[in-house]
Amino acid sequence: MNIFSKAIDKRLQEYQTELLSTHYEEVENMYKKIRGWRHDYRNHIQILKNYAENGDLEQIKLYLDELDADLNTVDLAFKSGNKVTDAILNSKIALAKSKDITIECDANVPMELTVSEIDLCIIMGNLLDNAIEASMSLPQDERLIRIYIDIKGKQLYISVTNLTSTKKQKKIGNIFKTTKGNGHGFGLVRIDDIIKRYNGYISRNSESGVFSTEILLPL
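Residues numbered from 1 in each chain as written. Predicted model: local features only at pLDDT ≥ 70, side-chain atom pairs only at ≥ 80, totals over all residues. Heavy atoms only, no water.

Chemist: I'd like to hear about the nonpolar core, residue by residue, with values.
Modeler: Leu89, Ile123, Met124, Ile145, Ile149, Ile158 and Ile215 are the most contacted members of the largest nonpolar core, which has 33 residues in total. Those elements that place two or more of their residues in this core are α4 (83-98), β1 (102-107), α5 (117-135), β2 (144-152), β3 (155-163), α6 (184-197) and β7 (210-218). Of the residues forming this core, the biggest block, nine residues, is contributed by α5. If sequence neighbours within four positions are ignored, Ile123 has contacts with Ile158, Ile191, Ile194, Ile195, Ile215 and Leu217. (Core = buried A, V, L, I, M, F, W, Y, C linked by side-chain atoms within 4.5 Å. Buried < 20%, exposed > 50% of the residue type's maximum accessible area, 1.4 Å probe, protein only. Helix = DSSP H or I, 4+ residues; strand = E, 2+ residues; numbered from the N terminus. Contact = heavy atoms within 4.5 Å.)

Chemist: Residues and numbers for helix α2 (residues 41-53), please.
Modeler: Taking 1.5 Å per residue, 13 residues should reach 18 Å; α2 reaches 19 Å between its end C-alpha atoms and fits that length. Gly55, located one to two residues past α2, shows a positive phi value of around 65°. (Expected span 1.5 Å × (residues − 1).)

Chemist: Explain the packing of aromatic side chains to me, and be specific about the residues and the numbers.
Modeler: This structure, assessed with the given rule, holds two aromatic pairs. On the numbers, 6.3 Å between centres and 65° between planes, the contact of Tyr51 with Tyr63 is edge-to-face. Of the two residues, Tyr51 sits in helix α2 while Tyr63 sits in helix α3 (residues 57-72), which places them 12 residues apart along the sequence. When the ring centre of Tyr157 is taken as origin, the NZ or CZ atom of Lys152, which lies over that ring, is 4.0 Å away. (Phe/Tyr/Trp six-rings, centres within 6.5 Å; stacked < 30°, edge-to-face > 60°. Lys NZ or Arg CZ within 6 Å of the ring centre and 35° of its normal.)

Chemist: I'd love a proper account of the environment of Ile158, names of residues and values included.
Modeler: Relative to the assigned elements, Ile158 resides in strand β3. Here Ile158 falls in the buried class, since its relative accessible area comes to 0%. Separated by 31 residues in the primary sequence, Ile158 and Leu127 have C-alpha atoms spaced 9.9 Å apart. Once you skip the residues sitting within four places of it in the chain, Ile158 turns out to touch Ile123, Met124, Leu127, Tyr148, Ile149, Thr213, Glu214 and Ile215.

Shown next as structure tokens:
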């Protein structure tokens, strides 16, 4: 391995570590909120019992309204059937919604996969981060990301499509030329490396105003 190849490999490893750290931090924050709500569950029940014993129906109603609003901030917005996929999807969907991006998501994923959790995190995290970033160049009412994940035969099918303000992008080899900064190109390389390692399939398509990625991975 020459010096250039070693430098590229080192940068890829650094990028992977940085990416995983970011994604896991997002997921961990979400689950901390969920665990915190569960921890307080008994306290909530005790307070409601006290209100009930005093016949204070108005306070019960107000307290339940507050709990309902609080629970909506930590409940999983989407459930695919796979814990890792759910964690990544929910953290990215929440991020997208905070940026006024409309999300259309349909996912059905088995509990057990041959793809490792780390590899799945890298693939999904990169795809959705790229889609979110591309969406930000559009007016709020035009931002849209479609996510579709399902089983096709004996393969896991992943499709992510987003609207974008850019024209049809040019390819360099099998990868579209990035107009973004440092790290974006490494993310694409990491996805391709993982797909190749699992003998999977990936297709990227760029049309005017639309960018989509389709992936097939063996189960």
